[in-house]
Amino acid sequence: MTAEMIAPDWMHRQITSEQYDSWTDEQCAGIEIVDGMVVVSPSASKRHNRLARFLANALDEAGGAEWNADTDFDVRLQDVPLNNRRPDVVVYRADTIDESPTRPDHVLLLVEVVSPGSETTDRVVKLDQYAKAGIPFYWRVEQAAGRVPIVHTYVLDAAEGAYRAGDLFTGLVRAVVPYPVAADLSGL
């Protein structure tokens, strides 16, 4: 069996933003586009999805009328070559809810929950891509079964075009980004 038999032809060539925008939501689910190439992500675990939803709900409540927090949609980091990421949680300006695609200037915070297989991407690659796109804040959440999640926070240094490490949280998360967030993560 060859790779062509397993993966469709479009997975072996660069995708433009116009092509990607013509695809259905079903075709876009579970994939990201990096340098124009499709990257398929394995399905997330229930623990991963629950933690992402819990964080999105807490951030959404804390954001008030000005900010929304959601899961499962693309952030268009750049058009050429196409870079579309699908963070676990996106905190974005409420007035951009109907704009598609979501652009970096719509976004305040991106959260990635690290899963087996995404460690390097979430710890290194996305950290660099999100900083270059100008996303002001990035949280990386490390989780292990039976343990309290650890939240690594990063703040963009715009002059350097890179993140500097912020605070580290476990159990109870309290941050100002730009609003206070308190979420008890110990039960996850």
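Here's a quick rundown of the structure.

Conventions adopted
- Residue numbering note: each chain is counted from 1, following its sequence as written.
- Given that the model is predicted, a residue must reach a pLDDT of at least 70 before its local features are reported, and side-chain atom pairs must reach 80 or more before they are shown or counted; all residues, however, enter totals for whole chains, interfaces and linings.
- The side-chain values count all of the structure's non-hydrogen atoms but skip hydrogen atoms and water molecules.
- Runs of E in the DSSP output that reach at least two residues are strands. Runs of H or I that reach at least four are helices, and both are numbered from the N terminus.
- With a 1.4 Å probe rolled over the protein chains alone, any residue whose accessible area is under 20% of its type maximum counts as buried; one over 50% counts as exposed, and the rest are partly exposed.
- Exposure was quantified through the Shrake-Rupley algorithm and a 1.4 Å probe, taking into account, for residues, occlusion by the shown protein chains and nothing else.
- Salt bridges are counted wherever a side-chain nitrogen of Lys or Arg sits within 4 Å of a carboxyl oxygen of Asp or Glu.
- Throughout, the protein atoms alone are placed on a 1 Å grid, and a set of points is a cavity if a 1.4 Å probe fits but cannot get out or a pocket if it is open with protein on both sides within 12 Å along at least five of seven lines; lining residues have an atom within 4 Å of a point.
- Grid points are joined across faces, edges and corners, and a volume is the space filled by probe spheres set on the points.
- Gly is put with the polar residues, along with every residue not named as nonpolar or charged; the nonpolar set is Ala, Val, Leu, Ile, Met, Phe, Trp, Tyr, Cys and Pro, and the charged set is Asp, Glu, Lys and Arg.
- In this analysis, the expected span of each helix is defined as 1.5 Å times one less than the number of residues it contains.
- The directions considered for the arc run from the helix axis to the C-beta atoms.
- Strands were regarded as paired on the criterion that DSSP finds at least two bridges between them.
- Axes here refer to lines fitted to C-alpha atoms; in helices the fit is confined to the stretch in contact. Angles between the N-to-C directions go from 0 to 180 degrees.
- Working rule for contacts: check all heavy atoms of both residues, and any pair within 4.5 Å makes them a contact.
- The definition of a nonpolar core used throughout is a set of buried Ala, Val, Leu, Ile, Met, Phe, Trp, Tyr and Cys residues joined through side-chain atoms within 4.5 Å.

1. A word on the overall build of the chain
Here comes step 1: A count of helices and strands for the chain gives 5 helices and 12 strands.
Here comes step 2: By residue count, 44% of the 188 residues in the chain fall in the buried class.
Here comes step 3: Per element, the accessible surface of the chain, about 10100 Å² overall, is 51% carbon and sulfur.

2. Quick look at the pattern of salt bridges
Between side chains of opposite charge, a pair can form as their charged atoms come close.
Here comes step 1: Going through the model one piece at a time under the given rule, you end up with 13 salt bridges.
Here comes step 2: With a shortest N-O distance of 3.0 Å, Arg103 and Asp79 are connected by a salt bridge. With Arg103 in the loop between β6 (89-93) and β7 (107-113) and Asp79 in the loop between β4 (75-78) and β5 (83-85), the pair connects residues that are 24 residues apart, well separated along the chain.
Here comes step 3: Put simply, Asp95 and Arg93 hold a salt bridge, and the shortest N to O gap is 3.1 Å.

3. What to know about the layout of surface pockets
Where empty space is left in the structure can be found by rolling a water-sized probe over the atoms.
Here comes step 1: The computed volume of the largest pocket comes to approximately 890 Å³.
Here comes step 2: Lining the largest pocket are 39 residues, with Ser41, Pro42, Ala44, His48 and Asp88 sitting closest to its centre.
Here comes step 3: Here the lining of the largest pocket is composed, by residue class, of 13 nonpolar, 12 polar and 14 charged.
Here comes step 4: Empty space within the second largest pocket amounts to approximately 430 Å³.
Here comes step 5: Taken together, 20 residues form the lining of the second largest pocket, with Asp25, Phe73, Asp74, Ser100 and Pro101 sitting closest to its centre.
Here comes step 6: Secondary structure elements with two or more residues in the lining of the second largest pocket: α2 (17-22) and α3 (25-28).

4. Comments concerning helix α4 (residues 46-63)
Here comes step 1: Helix length check: α4 (18 residues) gives 25 Å between terminal C-alpha atoms against 26 Å at 1.5 Å per residue, within 8%.
Here comes step 2: Within the sequence span of α4, burial applies to His48, Leu51, Ala52, Leu55, Ala56, Ala58, Leu59 and Gly63. Projected down its long axis, α4 carries its buried residues within an arc of 170°, all on one side. Every exposed residue of α4 that faces more than 90 degrees away from the buried side is listed here: Lys46 and Glu61.
Here comes step 3: Immediately beyond the C-terminal end of α4, within one or two residues, lies Gly64, with a positive phi of roughly 60°.

5. Describing the sheet that holds strand β10 (residues 162-170)
Here comes step 1: The strand order across the open sheet formed by 6 strands is β3-β6-β7-β8-β9-β10, and the pairing between neighbours is mixed. The open sheet terminates on both sides in strands that have one partner only, identified here as β3 (67-70) and β10. Neighbour to neighbour, the strand axes of the sheet diverge by 15° on average, direction disregarded.
Here comes step 2: Bridge count between β3 and β6: 4 bridges; the pairing is antiparallel. Within β6, the position partnered with Asp70 by the bridge is Val90.
Here comes step 3: This element, α4, spans β3, β6, β7 and β8 (137-142) of the sheet and lies at about 170° to β3.
Here comes step 4: Sitting on the sheet, helix α5 (residues 119-133) touches β7, β8, β9 (150-157) and β10, and the angle it makes with β8 is about 170°.

6. A word on the nonpolar core
Here comes step 1: Judged by nonpolar contacts, the single largest core of 18 residues is most densely connected at Leu59, Val89, Val91, Leu109, Val111 and Val141.
Here comes step 2: Looking at this core, the elements that each hand over two or more residues are α4, β3, β6, β7 and β8.
Here comes step 3: Ranked by residues supplied to this core, first place goes to α4 with 5 residues.
Here comes step 4: Formed by 14 residues, the second largest nonpolar core is a distinct cluster that contains Phe73, Tyr130, Tyr138 and Leu156.

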